[in-house]
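# Coordinate inspection notes
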Amino acid sequence: MLNVAVPDLWEQVERRAPLTGVDPVPESRRAVYRHEPDKFAPQASPPPTSIS
């Protein structure tokens, strides 16, 4: 299965992409990812819903 965001949500998806709940972020991934315990809170938007 491949999940693709609708065009009006892709920017929100991209902003969330570097966030991870893993703490601590492994040294080898720190250049790309940062820890965020609730990855939906920083954008103040609801979690995405799926479409069947």
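My aim in this report is to walk through the structure given alongside it, one point at a time. (Residues numbered from 1 in each chain as written. Predicted model: local features only at pLDDT ≥ 70, side-chain atom pairs only at ≥ 80, totals over all residues. Heavy atoms only, no water.)

## Considering the pattern of salt bridges
Inspection of every chain in the model, using the stated rule, returns 2 salt bridges. With a closest N to O distance of 2.8 Å, Arg30 and Glu27 form a salt bridge. Here Arg30 falls in the partly exposed class, since its relative accessible area comes to 45%. Exposure remark for Glu27: the relative accessible area of 61% places this residue in the exposed category. One salt bridge connects Glu36 with Arg34, and the closest N-O pair in it is separated by 3.8 Å. Of the residues examined, Glu36 reaches a relative accessible area of 17% and is grouped as buried. (Salt bridge = Lys/Arg side-chain N within 4 Å of Asp/Glu carboxyl O. Buried < 20%, exposed > 50% of the residue type's maximum accessible area, 1.4 Å probe, protein only.)

## Details of a nonpolar patch on the surface
A contiguous nonpolar patch, built from Val6, Leu9 and Val13 and spanning about 190 Å² of accessible area, is present on the exposed surface. Among the secondary structure elements, Val13 is positioned in helix α1 (residues 10-16). Its relative accessible area of 38% is what places Val13 among the partly exposed residues. (Patch = residues over 30% accessible without salt bridge, like charges linked within 9 Å, V, L, I, M, F, W, Y side chains within 5 Å. Areas by Shrake-Rupley, 256 points an atom, 1.4 Å probe, with all protein chains shown as cover. Helix = DSSP H or I, 4+ residues; strand = E, 2+ residues; numbered from the N terminus.)

## Examining the side chain of Thr20
Here Thr20 is to be found in strand β1 (residues 19-20). A relative accessible area of 18% places Thr20 in the buried class. A polar contact is formed between the side chain of Thr20 and the backbone nitrogen of Val22, at a distance of 3.2 Å. Ignoring any residue separated from it by four or fewer positions in sequence, one finds Thr20 in contact with Val25, Tyr33, Arg34, His35 and Glu36. (Polar contact = N/O pair within 3.5 Å; in protein donor to acceptor, adjacent residues only side chain to side chain. Contact = heavy atoms within 4.5 Å.)

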